[in-house]
Amino acid sequence: MPNHPYFRATLMAALAVFSVTGLSACGPMGPGKLRNDQLEYSRALGDTQKHEMLLNIVRLRYADPPTFLDTTQVIAGYSVSKSISGGFYAYPATAVGNYLFGTGTMSLGESPTFTYQPVTGQQYAENVVRPISPTVIMPLSLGGLPIDTLLRLTAQSIDGLSNVRGLGAGPSGGGSVRFYLLLHDLRQLQIQGAMTIRITSETPTPPDSKKNDGKSDSNGNGGNSTGTERSYLVLTSTSDSNLLAIQAEVRRLLHLDPGAEEAEIVYGPYPKHPGKQIAILTRSMLAMLTQLAYEVEVPEDDIKSGRTPPTIGQIGIENRPEVVIHSSREEPDSHYAAVSYNNTWFWISDRDFQSKLAFTMVQVLAALAATNHTAGAVVTIPAG
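How each quantity is defined
Residues numbered from 1 in each chain as written. Predicted model: local features only at pLDDT ≥ 70, side-chain atom pairs only at ≥ 80, totals over all residues. Heavy atoms only, no water. Core = buried A, V, L, I, M, F, W, Y, C linked by side-chain atoms within 4.5 Å. Buried < 20%, exposed > 50% of the residue type's maximum accessible area, 1.4 Å probe, protein only. Domains from an automatic or database assignment. Contact = heavy atoms within 4.5 Å. Salt bridge = Lys/Arg side-chain N within 4 Å of Asp/Glu carboxyl O. Helix = DSSP H or I, 4+ residues; strand = E, 2+ residues; numbered from the N terminus. Pairing = 2+ DSSP bridges. Axes fitted to C-alpha atoms, helices over the stretch in contact; angles between N-to-C directions. Nonpolar A, V, L, I, M, F, W, Y, C, P; charged D, E, K, R; others polar. Phe/Tyr/Trp six-rings, centres within 6.5 Å; stacked < 30°, edge-to-face > 60°. Lys NZ or Arg CZ within 6 Å of the ring centre and 35° of its normal. pLDDT = per-residue confidence, 0-100. Polar contact = N/O pair within 3.5 Å; in protein donor to acceptor, adjacent residues only side chain to side chain.

**Topic: the nonpolar core**
Move 1: Ranked by internal contacts, the top residues of the largest apolar core, which has 63 residues, are Leu151, Ile158, Leu186 and Phe346.
Move 2: Residues from two domains meet in this core; each of domain 1 (46–67 + 286–372) and domain 2 (132–203 + 228–283) gives at least three.
Move 3: If we skip the residues at most four places from it in the chain, Leu186 touches Ile147, Leu151, Met195, Leu233 and Val250.

Next comes the structure, spelled out in structure tokens:
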């Protein structure tokens, strides 16, 4: 009977069941899931943050308060269950197939849990309302980010040159043409390597003081103290006459000494030491998003009905917003980010690299401004 073809086929089928079920338990499933899940969760989290940022810009345009929800924890739990059974009949039976039988099952379950933390209270004040320090903003240009776009987003004014636009700023949008001329010059110097940002933790000696020989200085720091981090705009040496002329114009617009090779960047509307410092009145994330909101393209009917004010115009040499946000009644086919608000789609084109870069800079700045505090109200949602 063991040589019967039907018996051999049944034996091979049962052995296959045992083999597959056994092999599934030979190696851990964790490494494979990590390779796949970390990328997928990272991609999903990045897309969600993009959409949240865009939605908050649109909400501000329509006088809705922005809301921020931090994803504080992502836990992906997995469970595996296996079962196998088999038997062998040693006595004759009416059916050959009854001599040997086997079954095997395996099931995989996933139960991810996401924990969200609403941004409120002190954390909201620090992350959203408080201006971002210039010493945090300016080093971003060292990584190749365009300094003109960076300052258009973050600076309310530079040495009195205004970048204020929006409601109440007049039909032209407000702001100073010289502000944009300055940014244009800085960008040209950055491209040609004739300007950089220097970061230091050294405590500068006030111009009218002598060495303190270990005693406390005028800022209350000890003689061996490194002080807080400081940043400097450096106009590097060059023999190019065109670059020298641009550097001279930058010094003039920033009221620097004619021979100044560097100047400390400080926060405020005006410098305490004119000629040696550059005062930048930086924006908070709320002010930055509000400025972008004034430039959003909105349906004409919403303006006529009073739901939102007209889109502000551009200033002087500027011919487009930092982030061009379109609107349409239908969801766009191709987009970098898109959200629906009151039956209207607002979106950033995937073919607009300048807008995508500026929007990415906004997200980077939001991450730099973020702080963590003791958890308050936490929302935990089991997915699936």
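Now that the structure is up, let's keep going.
**Focus on the pattern of salt bridges**
Move 1: Tallying each qualifying case throughout the model produces 10 salt bridges.
Move 2: A salt bridge links Arg307 to Asp302, with the shortest nitrogen-to-oxygen separation between them at 3.0 Å.
Move 3: Take Arg307: its relative accessible area is 34%, and that puts it in the partly exposed class.
Move 4: Taking relative accessible area as the criterion, Asp302 reaches 6% and is therefore assigned buried.

**A look at unusual backbone geometry**
Move 1: The phi torsion at Ala63 lies on the positive side, around 65°, for a residue other than glycine.
Move 2: Of note, Ala63 is situated in the loop between helix H2 (30–61) and strand E1 (69–88).
Move 3: Even without being glycine, His255 reaches a positive phi, approximately 55°.
Move 4: With relative accessibility at 48%, the residue His255 sits in the partly exposed group.

**Describing the sheet that holds strand E8 (residues 277–282)**
Move 1: Ordered by their spatial adjacency, 6 strands build an open sheet running E4-E3-E8-E7-E6-E5, and the pairing between neighbours is mixed. Taken across any chain shown, the strands that pair with only one partner, and hence form the sheet edges, are strand E4 (161–162) and strand E5 (195–200).
Move 2: Where strand E7 (residues 262–267) meets E8, 4 bridges bridge the pair, whose relative direction is parallel. Each residue of the ladder has a partner; that of Val266, found in E8, is Ala279.

**Quick look at the packing of helix H5 (residues 147–154) against helix H6 (residues 177–191)**
Two quantities define a packed helix pair, namely the angle between the helix axes and the distance between the axes.
Move 1: It is the contact of H5 with H6, at a shortest axis distance of 8 Å, that shows an interaxial angle of 145°. Counting all contacts with H5, which are made through Ile147, Asp148, Leu151 and Arg152, the residues of H6 involved are Phe179, Tyr180, Leu183, Leu186, Arg187 and Gln190.
Move 2: Residue composition of the contact of H5 with H6, grouped by class: 6 nonpolar, 1 polar and 3 charged.

**Regarding the packing of aromatic side chains**
Move 1: What the rule picks out here adds up to 5 aromatic pairs.
Move 2: Both rings, one in Tyr62 and one in Tyr341, keep their centres 5.3 Å apart while their planes meet at 40°; by these two values the pair is tilted. Note that Tyr62 is positioned in the loop between H2 and E1 and Tyr341 in strand E10 (residues 337–341), a separation of 279 residues in sequence. Tyr341 carries the same exposure label as Tyr62, and that label is buried.
Move 3: Taking the centre distance of 5.1 Å and the plane angle of 80° together, the rings of Phe179 and Tyr180 count as edge-to-face.
Move 4: Phe179 sits in the buried class, given a relative accessible area of 0%.
Move 5: For Tyr180, a relative accessible area of 1% gives the class buried.
Move 6: Taken together, the aromatic side chains of Tyr62, Tyr341 and Phe346 make up a single cluster linked through ring pairs.
Move 7: Above the ring of Tyr336, the side-chain terminus of Lys50 is found at 4.0 Å from the ring centroid.

**A few points about the sheet that holds E10**
Move 1: Strand order in the open sheet made by the 3 strands is E9-E11-E10, with antiparallel pairing throughout. Looking at which strands have only one partner, the edges of the open sheet turn out to be strand E9 (326–328) and E10. Going across the sheet, the axis of each strand differs from the next one's by a mean of 25°, ignoring polarity.
Move 2: Examined bridge by bridge, E9 and strand E11 (residues 344–348) share 3 bridges and lie antiparallel to one another.

**Things to note about the confidence of the model for the protein chain**
Move 1: With 71% of its residues at a pLDDT of 70 or more, the protein chain has an overall mean of 80.
Move 2: Confidence over residues 211–226 falls short of pLDDT 50; this stretch has 18 contacts with residues more than four positions distant or in other chains.

**Considering the side chain of Gln190**
Move 1: With respect to the helices, strands and loops of the structure, Gln190 is situated in helix H6.
Move 2: On the basis of relative accessibility, which here comes to 15%, the residue Gln190 falls in the buried class.
Move 3: From its side chain, Gln190 meets the backbone oxygen of Leu145 in a polar contact 3.0 Å long.
Move 4: Setting aside chain neighbours within four positions, we find Gln190 in contact with Ser141, Leu145, Pro146, Ile147 and Met195.

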